[in-house]
Amino acid sequence: MSSYLECNARERIQQLFDPNSLDEFLPPSARVISPHLGQLNAPVAFDDGVVVGKALLHGETVFIAAQEGGFMGGAVGEVHGAKLVGMLRRAVIEKPCAVVLLLETGGVRLHEANAGLIAVSEVMRAVLDTRAAGIPVIVLIGGSNGCFGGMGIVARCANWIVMSEEARLAMSGPEVIETANGVEEFDSRDRALVWRTTGGKHRYIIGDCQAIVTDSVEAFRAAAIEAVQVFQTSGSDHSDQIALSLGALESEQELLAQRINAFGTLRDPLDIWRALGMHDPANMPMLEISDFISKAQHHRLGAA
């Protein structure tokens, strides 16, 4: 099996989606590059660090985007963001069965400052517009850079998130938190703490992602197919929840309030896992995914 973590964006696309089905929008041959990086004598990429297009997933047409973590950590600049927005707007017109976002990013590209911030805000709006058009947005997170900053918010604007144990998802990265509030607040060098706090297992337990898989492209493909089928199933409880509604926002706000009330004084994710009724939480990070799911699924927030 191929490690999702070790693949680059194009390798993930080749293995996740049906063979030879990618129709790429603005490929590298179009030479659409950032207008800002050259002025700073910074390297450029002919796809600006993101692949967008449409492809087949188990025979179904989906629109896709894959961020390249190897180029500036997958950070979003003006062109990078515009490609994401353009793909999402085209999806609203062409009505694929889903949009699948392969996110790997540290957030906004600091080289492009306000242009990057504006780009991320436009991506958020485009994701919500896509959902409002009845098209589910599915996010896959499993790259070495994680998914942080404004794109962490974009991920949580989606309908469905799939993560691996190695994935990380948060608003602010560990180094940012430590710089702002000191090592006493968060020690970014404590890698076990970082993964306990932002990693896939904790996000699954507290309900921030719908599925957790092993670090393989095959597992991510199977999870993406399953997610699409959830929204395609006639009479599914999810079928009328693709668009973001006021009721959904109120439910999310209530869940967040419950988290603060229940866990606001706890300092370590292990304490949260223990409070949720899990036995031997210190051993949970060491479990294989299948064993972890069997032990965690009935204790996670939002579980039936």
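Residues numbered from 1 in each chain as written. Predicted model: local features only at pLDDT ≥ 70, side-chain atom pairs only at ≥ 80, totals over all residues. Heavy atoms only, no water.

Caption draft 1: Layout of the overall build of the protein chain. Along the backbone of the protein chain there are eleven helices and seven strands. A globule of 304 residues ought to have a C-alpha radius of gyration of about 19 Å, and the protein chain, at 19 Å, matches this closely. Seen along its three principal axes, the alpha-carbon backbone of the protein chain occupies a region of about 55 × 50 × 40 Å. Taken over 304 residues, the protein chain has a buried fraction of 49%. For the protein chain, long-range pairs separated by at least 24 residues make up 71% of all intrachain contacts whose partners lie at least 6 apart in sequence. When the accessible surface of the protein chain is split by element, carbon and sulfur atoms take 53% of a total near 14,100 Å². When the 24 positive and 37 negative side-chain charges of the protein chain are each reduced to one mean point, those points stand 2 Å apart. (Helix = DSSP H or I, 4+ residues; strand = E, 2+ residues; numbered from the N terminus. Rg over C-alpha atoms; globule rule 2.2 N^0.38 Å. Buried < 20%, exposed > 50% of the residue type's maximum accessible area, 1.4 Å probe, protein only. Contact = heavy atoms within 4.5 Å. Areas by Shrake-Rupley, 256 points an atom, 1.4 Å probe, with all protein chains shown as cover. Lys, Arg positive; Asp, Glu negative; His and termini not counted. Charge placed at Lys NZ, Arg CZ, Asp CG, Glu CD.)

Caption draft 2: Focus on the packing of aromatic side chains. Applying the stated rule across the entire model yields four aromatic pairs. Here Arg300 stacks its cationic end above the ring of Tyr204, 3.9 Å away from the centre of that ring. (Phe/Tyr/Trp six-rings, centres within 6.5 Å; stacked < 30°, edge-to-face > 60°. Lys NZ or Arg CZ within 6 Å of the ring centre and 35° of its normal.)

Caption draft 3: Region of interest: the packing of helix 1 (residues 9-16) against helix 8 (residues 217-232). One way to put it is that helix 1 packs onto helix 8 with a least axis distance of 9 Å and a crossing angle of 60°. Relative to helix 8, helix 1 is oriented oblique. The way helix 1 lies across helix 8 gives a crossing that is right-handed. Residue-level inspection shows Arg12, Gln15 and Leu16 of helix 1 in contact with helix 8, the latter providing Val217, Phe220 and Arg221. (Axes fitted to C-alpha atoms, helices over the stretch in contact; angles between N-to-C directions. Parallel < 35°, antiparallel > 145°, perpendicular 65-115°, else oblique. Left-handed = near helix turned anticlockwise from the far one by under 90°.)

Caption draft 4: Quick look at helix 3 (residues 113-132). Between its first and last C-alpha, helix 3 extends 29 Å over 20 residues, near the 28 Å set by a 1.5 Å rise per residue. Against helix 2 (78-94), strand 4 (98-103), strand 5 (137-141) and helix 4 (150-156) lie the buried residues of helix 3. Once helix 3 ends, the next one or two residues include Gly134, with phi positive near 85°. (Expected span 1.5 Å × (residues − 1).)

Caption draft 5: Structural context of the pairing of strand 2 (residues 50-57). Here strand 2 lies mainly inside the structure; six of its eight residues are buried. As paired elements, strand 1 (residues 23-25) and strand 2 share three bridges and run antiparallel to each other. Looking at strand 2, one finds that Phe25 is bridged to Val52. Relative to strand 3 (residues 60-67), strand 2 runs antiparallel, the two being bridged by eight bridges. Counted as the bridge partner of Gly53 is Ile64 from strand 3. From the end of strand 2 to the start of strand 3, which pair antiparallel, there are two residues, and His58 there has a positive phi angle of about 55°. (Pairing = 2+ DSSP bridges.)

Caption draft 6: Seen up close, the pattern of salt bridges. Within the structure shown, the criterion is met by 17 salt bridges. Across the pair Arg10 and Glu24 runs a salt bridge, and its minimum N-O distance is 2.9 Å. Remark: Glu24 occurs in strand 1 and Arg10 occurs in helix 1; sequence separation between them is 14 residues. Its relative accessible area of 19% is what places Glu24 among the buried residues. One salt bridge in this structure joins Glu252 and Arg156, with 2.8 Å as the shortest N-O distance. Residue Glu252 is located in helix 9 (residues 246-263), and its partner Arg156 is located in helix 4; the two are separated by 96 residues in the primary sequence. The exposure class of Glu252 is partly exposed, given its relative accessible area of 29%. (Salt bridge = Lys/Arg side-chain N within 4 Å of Asp/Glu carboxyl O.)

Caption draft 7: The arrangement of the layout of surface pockets in detail. Here the second largest pocket is characterised by a volume of approximately 270 Å³. Every residue lining the second largest pocket is counted, 14 residues in all, and those nearest its centre are Gly106, Gly107, Val108, Arg109 and Leu110. Here the lining of the second largest pocket is built from residues that sort into eight nonpolar, five polar and one charged. (1 Å grid on protein atoms, 1.4 Å probe; cavity = no way out; pocket = protein on both sides within 12 Å on 5 of 7 lines; lining within 4 Å. Points joined across faces, edges and corners; volume = space filled by probe spheres on them. Nonpolar A, V, L, I, M, F, W, Y, C, P; charged D, E, K, R; others polar.)

Caption draft 8: Examining the sheet that holds strand 7 (residues 211-213) more closely. In space, the seven strands of this open sheet follow the order 1-2-3-4-5-6-7, with mixed pairing throughout. Each edge of the open sheet carries a strand with a single partner, namely strand 1 and strand 7. Between one strand axis and the next, the sheet turns through 20° on average, direction left out of account. When strand 6 (residues 160-164) meets strand 7, the two strands line up parallel, connected through three bridges. Residue pairing across strands places Met163 opposite Ile212, the latter belonging to strand 7. Docked against the sheet, helix 2 engages strand 1, strand 2, strand 3 and strand 4, running at close to 30° with respect to strand 2. Running at roughly 165° to strand 6, helix 8 makes contact with strand 2, strand 3, strand 4, strand 5, strand 6 and strand 7 of the sheet.

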